[in-house]
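Residue-level structural notes
Next come the chains, spelled out residue by residue.
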Amino acid sequence: MNLTNHQFRLAARPVGLPKRSDWNYVEEPVRDPGPGEVLVKTLYLSLDPAMRGWMNEGRSYIAPVGIGEVMRAGGAGKVIASGNPGFAVGDHVTGVLGAQEYALIGAEAARGLTKVDPKLAPLPVYVGALGITGLTAYFGLLEVGQAKAGDTVVVSGAAGATGMMAGQIAKIKGCRAVGIAGGPEKCNYIVKELGFDAAIDYKSEKVIENLRQHCPQGVNVYFDNVGGDILDAALANLARGARVVICGAISQYNSTTGIKGPSNYLSLLVNSARMEGFVVFNYMARYGEAAREMAGWMMAGKLKSREDIVEGFQTFPDTLLKLFRGENFGKLMIKVADA
Ligand SMILES: NC(=O)c1ccc[n+]([C@@H]2O[C@H](COP(=O)([O-])OP(=O)(O)OC[C@H]3O[C@@H](n4cnc5c(N)ncnc54)[C@H](OP(=O)(O)O)[C@@H]3O)[C@@H](O)[C@H]2O)c1
């Protein structure tokens with residue numbers, strides 16, 4: 001095909017916040033797909049806090065990215081050549097494409113690609129609200145958290161990609177939703193635009209006291225995206241039988257002194273509550289069902305999506321840091337190329 005690929009390959013395991021030199025920016029020719037393989041042109045690259053964890057050595061729910069390997073990344077793209085009967089040139093797909101302009105996907109990995117129709121929803125929506133972050137909110141809240149009508153649901157990282165979906169789904173299910181986010185603009189947005197019942201600005205307010213005020217009957221479901229002190233504040237406000245959903249702990253991902261666990265955990269005992277972590281991949285077999293339900297809510301105007309799209313593949317290392325600085329507003333992604 002005579003195309004040139006650019007890639008970010010892992011060069012070093014970061015200490016603290018990742019920096020540009022933790023990746024090598026490399027160029028290599030694109031090979032034509034062999035039998036079973038699919039060649040995808042990356043159009044949008046998803047940036048996720050989990051990428052920080054994938055750069056670490058050690059046992060996790062998924063193998064670490066090896067030194068020298070293309071940085072793992074989700075995304076959306078277009079099939080430009082195919083040796084796989086399941087995919088035709090012109091198909092749009094989402095899946096693990098890697099931080100690169102062209103992804104040559106092997107026969108086995110191609111099973112993980114999902115065909116999407118850009119006429120039904122814009123591609124960025126498939127990366128965010130109808131993609132991994134939306135699905136994480138859906139299964140985390142409804143399956144792990146068992147949220148039901150009348151519950152008070154508290155979500156941290158509430159103006160982020162996962163959090164804004166979790167809070168809105170809570171409202172759709174008849175819960176009271178209280179969001180915790182950084183800064184007045186984000187707090188205002190989740191209440192005025194997304195219909196949360198209340199918001200707490202953790203950067204300027206006392207979370208523990210304001211939770212008590214906004215959740216007088218206690219918190220039935222706490223959907224945690226951030227960990228650290230905010231998790232402790234939520235634990236201090238649980239209702240009897242509460243469910244604490246450990247979705248993520250972004251406040252801890254770049255710690256150089258070890259991860260700080262909760263000190264208020266005995267609240268689980270006192271309130272006969274439970275705390276449970278999960279990985280969205282556990283629910284892969286049900287992605288289609290959940291995405292269809294969420295798409296229905298979007299079409300009915302009950303569920304809104306918001307994307308934060310940065311132009312330019314080369315910005316990858318700097319754009320990723322926006323997540324850890326709270327500079328993204330909605331699902332963070334990079335627009336790599338035009339269709
Ligand atoms: N379990 C799973 O399968 C799964 C799948 C996807 C994502 N996740 C997790 O879900 C969480 C959200 O991910 P996302 O992709 O939706 O990202 P996101 O919420 O769109 O972006 C990250 C947000 O985290 C907040 N943040 C950053 N540092 C913080 C700190 N020190 N304390 C409190 N908040 C901080 C910032 O918002 P503010 O401006 O409000 O501070 C930032 O905008 C992450 O923990 C991620 O690892 C889990």
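Up top you'll find the structure we're talking about.
Figured I'd write up the structure that's included with this text. Note that the coordinates shown come from a computational prediction; the quantities given were computed from them, not determined experimentally. (Residues numbered from 1 in each chain as written. Predicted model: local features only at pLDDT ≥ 70, side-chain atom pairs only at ≥ 80, totals over all residues. Heavy atoms only, no water.)

Attention now goes to the packing of helix H4 (residues 132-144) against helix H5 (residues 161-172). One way to put it is that H4 packs onto H5 with a least axis distance of 8 Å and a crossing angle of 45°. Overall, the two elements H4 and H5 adopt an arrangement that is oblique. H5 is crossed by H4, and the crossing has right-handed handedness. Across the interface between the two elements, Thr 133, Gly 134, Thr 136, Ala 137, Tyr 138, Leu 141 and Leu 142 of H4 pack against Ala 161, Thr 162, Met 165, Ala 166, Ile 169 and Ala 170 of H5. Considered class by class, the residues forming the contact of H4 with H5 number nine nonpolar, four polar and no charged. (Axes fitted to C-alpha atoms, helices over the stretch in contact; angles between N-to-C directions. Helix = DSSP H or I, 4+ residues; strand = E, 2+ residues; numbered from the N terminus. Parallel < 35°, antiparallel > 145°, perpendicular 65-115°, else oblique. Left-handed = near helix turned anticlockwise from the far one by under 90°. Contact = heavy atoms within 4.5 Å. Nonpolar A, V, L, I, M, F, W, Y, C, P; charged D, E, K, R; others polar.)

In this section: the environment of Arg 72. In this fold, Arg 72 is placed in the loop between helix H1 (50-54) and strand E4 (74-82). C-alpha of Arg 72 to C-alpha of Met 55: the two residues are 17 residues apart in sequence and 9.1 Å apart in space. Residues within four places of Arg 72 in sequence aside, it is in contact with Met 51, Trp 54, Ile 62, Ala 63, Pro 64, Val 65, Val 96 and Gly 98. Here the side chain of Arg 72 touches Ala 63 through a polar contact of 2.8 Å, landing on its backbone oxygen. (Polar contact = N/O pair within 3.5 Å; in protein donor to acceptor, adjacent residues only side chain to side chain.)

With that settled, the discussion passes to helix H10 (residues 287-299). Helix length check: H10, at 13 residues, gives a terminal C-alpha distance of 18 Å against a target of 18 Å (1.5 Å per residue), a fit within 8%. Every buried residue of H10 is listed here: Tyr 287, Ala 290, Met 294 and Trp 297. For H10, the angular spread of the buried residues around the axis is 95°, confining them to a single face. Pointing more than 90 degrees away from the buried face of H10 are the exposed residues Arg 292 and Met 299. Looking at the buried residues of H10, the elements they touch are H4 and H5. Phi turns positive one or two residues past the end of H10, at Gly 301, with a value near 75°. (Expected span 1.5 Å × (residues − 1). Buried < 20%, exposed > 50% of the residue type's maximum accessible area, 1.4 Å probe, protein only. Arc of directions from axis to C-beta.)

Let us now look at helix H7 (residues 207-214). For H7, the complete set of buried residues consists of Val 207, Asn 210, Leu 211 and His 214. All buried residues of H7 fall inside an arc of 105° around its axis, so they share one side. Of the surrounding secondary structure, the elements contacted by the buried residues of H7 are strand E8 (152-156), strand E9 (176-181), strand E10 (198-201) and helix H8 (228-235).

Here we take up the site of the ligand. Of all residues adjacent to the ligand, which total 26 residues, the nearest are Thr 162, Lys 186, Tyr 202, Tyr 253 and Asn 328. Contacts to the ligand include Thr 162, whose side-chain N or O atom sits 2.7 Å from an oxygen atom. Interatomic distance of 3.5 Å between a backbone N/O atom of Ala 249 and an oxygen atom of the ligand. Considered on its own, the ligand offers 910 Å² of accessible surface; in the complex 90% of this is hidden by protein. Listing elements by their share of the shell around the ligand, those giving two or more residues are H4, H5 and helix H11 (316-325). Taken together, the residues of the shell around the ligand sort by class into 14 nonpolar, 11 polar and one charged. (Near = heavy atom within 4 Å. Areas by Shrake-Rupley, 256 points an atom, 1.4 Å probe, with all protein chains shown as cover.)

Our focus in this paragraph is the environment of Gln 252. Looking at the secondary structure, you find Gln 252 in the loop between strand E12 (238-246) and helix H9 (266-270). Those residues within four positions of Gln 252 in sequence are excluded, and the remaining contacts are Val 226, Gly 228, Gly 258, Ile 259 and Lys 260.

To describe a pair of aromatic rings, one takes the distance between the centres and the angle between the planes. Enumeration over the complete set of coordinates arrives at 10 aromatic pairs. On the basis of an interplanar angle of 70° and a centroid distance of 5.1 Å, the ring pair of Trp 23 and Phe 316 is categorised as edge-to-face. On the criterion of sequence distance, the pair formed by Trp 23 in strand E2 (residues 23-29) and Phe 316 in helix H11 is long-range, its members being 293 residues apart. Take Trp 23 and Phe 316: they sit in the same class, and that class is buried. Clustering of aromatic rings is evident, with ring pairs tying together Phe 8, Trp 23, Tyr 25, Phe 313 and Phe 316. Across the ring face of Trp 54, the terminal group of Arg 72 is positioned such that the distance to the ring centre comes to 5.2 Å. The residue whose ring lies beneath Lys 115 is Phe 87, and the NZ or CZ to ring-centre distance is 5.5 Å. (Phe/Tyr/Trp six-rings, centres within 6.5 Å; stacked < 30°, edge-to-face > 60°. Lys NZ or Arg CZ within 6 Å of the ring centre and 35° of its normal.)

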